[in-house]
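A look at the structure
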Amino acid sequence: MEGSRRSTRVVVIGGGPAGSLIARTLQFVADVVLIDPKEYFEVPWAALRCAVEPKFAERSLINHKEYLTNARLVTSTAVDLTEREIITANGRWISYDYLVIATGHPTSVPLTRTERLKQFKEAHEQMKSANSVLIIGGGPTGVELAGEIASDFPAKQVTLVHKGLRLVEFIGSKASAKTFSWLTSKNVKVLLNQEITVDQLNSKQTEFVTTEGTKVQADCWFNCTGKELGSSWLREGILKDRVNKQGQVMVDEHLRVLGTKTIFAIGDINDTAESKQGYIAQKHAILTAKNIKLLIKGGKESHLSSYKPASTMAIVSLGRKEAVAQLPFFTAIGHIPGMLKSKDLFIGKTRRELGLDPDGI
Ligand SMILES: Cc1cc2nc3c(=O)[nH]c(=O)nc-3n(C[C@H](O)[C@H](O)[C@H](O)COP(=O)(O)OP(=O)(O)OC[C@H]3O[C@@H](n4cnc5c(N)ncnc54)[C@H](O)[C@@H]3O)c2cc1C
């Protein structure tokens, strides 16, 4: 890449909650380059609300340039790396002094914010005109989508098919049971312990059969099964031994990739022993920014901050006002956890952390 403005270059790969925050935090202390396949940051957990209410997307889709006023953006994906350079799909070799891998989950969304807004409008039209909706996958994505549709379009027949024995398995069984009762009370039909194989479906399909032989009729369907991790591009390169069987990048207590001194991995992509959440990814970003600043200033290794994995805390929203929360010692459902997340989905908070007006568009 052409000449550097400062002596130390930090390349951040991935513009999700972790990568965006660290790029923003370091942009005035280093020559920061953010590599992301899209021109904008998207609050990932707001995507479902955006499909149900497209106007919501205006605050949750933020062009990277809005908060990266002093960093460079490369709109591409990283495909390989050497000990000094990153190679992108559009053929660029970008040198780095420090590298931050924040590639959580790969996205297949449009390049520009305008196209993404249009995509949400189309999804909304499709949903509005359907009388019945099938959701495949009963993790947080499927449950939140079912909750959004049941709240905004109560007349639609929503069927949720989940291969597990209980919904949202990453939270406790009490919270799962409460989620099940809430959805069924809103007339969502929940089919547990059965699967629909997504690979064999086409977008116009309206008749489906589960592995247990249950027939489902639906005017439209949504795939909410889990996404793979964004580490396949590392599997053949110099870090191939640092990717575990789950596809996570193994890190030490300073969130550096095991055995390296200048490569960090933060957010959902790393193997810290905790539930993978956006607010945790942001904590990784803050700690890593502090450590990189220290190293840039020539600070001692022994002064690097160590990361302590967080205890489980998760909120799964159920429509506009309610939610189920898994807190360290108990679970809660209803309006109180709903007040924490469901109305705004932490969009104002996320915007503020990027230095933007929480209410602005
Ligand atoms: C339905 C749902 C609800 C959720 N609710 C909450 C919640 O209420 N609170 C909360 O804290 N968390 C929540 N989460 C979890 C949260 O979304 C994730 O933990 C968070 O997005 C992780 O951030 P990240 O930056 O590590 O990765 P990601 O958000 O996955 O971002 C990764 C970025 O890297 C880019 N990328 C991938 N591969 C490459 C590559 N090779 N080169 C360049 N760029 C690449 C992607 O395009 C993307 O921009 C929820 C998740 C879901 C699915």
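A brief report on the enclosed structure follows. Since this is a predicted model, take the numbers as computed values, not measurements.

Moving on to the packing of helix α6 (residues 140–152) against helix α7 (residues 173–185). Interaxial distance between α6 and α7 falls to 10 Å at its minimum, and their mutual angle equals 30 degrees. On the basis of their axis angle, the class for α6 and α7 is roughly parallel. The interaxial crossing formed by α6 with α7 has left-handed handedness. Contact residues: V143, A146, G147 and S151 in α6; T179, W182 and L183 in α7. For the contact of α6 with α7, the residue count by class is four nonpolar, three polar and no charged.

At a closest axis distance of 8 Å, the pairing of helix α1 (residues 17–26) and helix α8 (residues 278–296) adopts a crossing angle of 30 degrees. Here α8 runs roughly parallel to α1, going by the angle between their axes. Where α1 crosses over α8, the handedness of that crossing is right-handed. Every residue of α8 that contacts α1 at P17, A18, L21, I22, T25 and L26 is listed here: G278, A281, Q282, A285, I286, T288, A289, I292 and K293.

Attention now moves to the sheet that holds strand β19 (residues 331–334). Strands belonging to one sheet form pairs held by backbone hydrogen bonds; the direction of such a pair is parallel or antiparallel. Strand order across the open sheet formed by three strands is β17-β18-β19, with antiparallel pairing between neighbours. Strands with a single pairing partner mark the edges of an open sheet, and in this sheet they are β17 (314–318) and β19. Neighbour to neighbour, the strand axes of the sheet diverge by 10 degrees on average, direction disregarded. Pairing between strand β18 (residues 322–326) and β19: four bridges, direction antiparallel. If you follow V324 over to β19, its bridge partner there is I333. Docked against the sheet, α7 engages β17, β18 and β19, running at close to 15 degrees with respect to β19.

This paragraph deals with the sheet that holds strand β8 (residues 93–95). Pairing is antiparallel across the open sheet formed by three strands, whose spatial order is β6-β7-β8. The sheet is open, and its two borders are formed by β6 (78–81) and β8, each paired with just one other strand. Each neighbouring strand pair of the sheet contributes to a mean axis angle of 30 degrees, computed without reference to strand direction. Taken together, the three bridges between β6 and strand β7 (residues 85–88) define a ladder with antiparallel strand orientation. Its bridge partner lying in β7, L81 is registered against I86.

Tallied over the entire structure, the rule returns zero aromatic pairs. Stacked on the ring of F56, the Lys or Arg R49 has its end atom at 5.2 Å from the ring centre. Over the ring of F153 we find K156; its NZ or CZ atom is 4.8 Å from the centre of that ring.

In this section: the site of the ligand. Around the ligand, the structure places 35 residues, and the nearest of them are T107, D268, G278, Y279 and K341. A distance of 2.9 Å is found between a nitrogen atom of the ligand and a backbone nitrogen or oxygen belonging to A78. Within the backbone of Q277, one N or O atom sits 3.4 Å away from an oxygen atom of the ligand. A total of 1,000 Å² of accessible area belongs to the ligand in isolation, and the protein chains cover 89% of it. Elements that contribute at least two residues to the shell around the ligand include exactly α1, β2 (31–36), α6 and α8. The residue inventory of the shell around the ligand, partitioned by class, reads 16 nonpolar, 13 polar and six charged. Two domains share the shell around the ligand, each providing at least three of its residues, namely domain 1 (9–37 + 76–106 + 228–309) and domain 2 (126–226).

Thresholds applied
Residues numbered from 1 in each chain as written. Predicted model: local features only at pLDDT ≥ 70, side-chain atom pairs only at ≥ 80, totals over all residues. Heavy atoms only, no water. Axes fitted to C-alpha atoms, helices over the stretch in contact; angles between N-to-C directions. Helix = DSSP H or I, 4+ residues; strand = E, 2+ residues; numbered from the N terminus. Parallel < 35°, antiparallel > 145°, perpendicular 65-115°, else oblique. Left-handed = near helix turned anticlockwise from the far one by under 90°. Contact = heavy atoms within 4.5 Å. Nonpolar A, V, L, I, M, F, W, Y, C, P; charged D, E, K, R; others polar. Pairing = 2+ DSSP bridges. Phe/Tyr/Trp six-rings, centres within 6.5 Å; stacked < 30°, edge-to-face > 60°. Lys NZ or Arg CZ within 6 Å of the ring centre and 35° of its normal. Near = heavy atom within 4 Å. Polar contact = N/O pair within 3.5 Å; in protein donor to acceptor, adjacent residues only side chain to side chain. Areas by Shrake-Rupley, 256 points an atom, 1.4 Å probe, with all protein chains shown as cover. Domains from an automatic or database assignment.

By themselves, these figures tell us nothing about what the structure is for.
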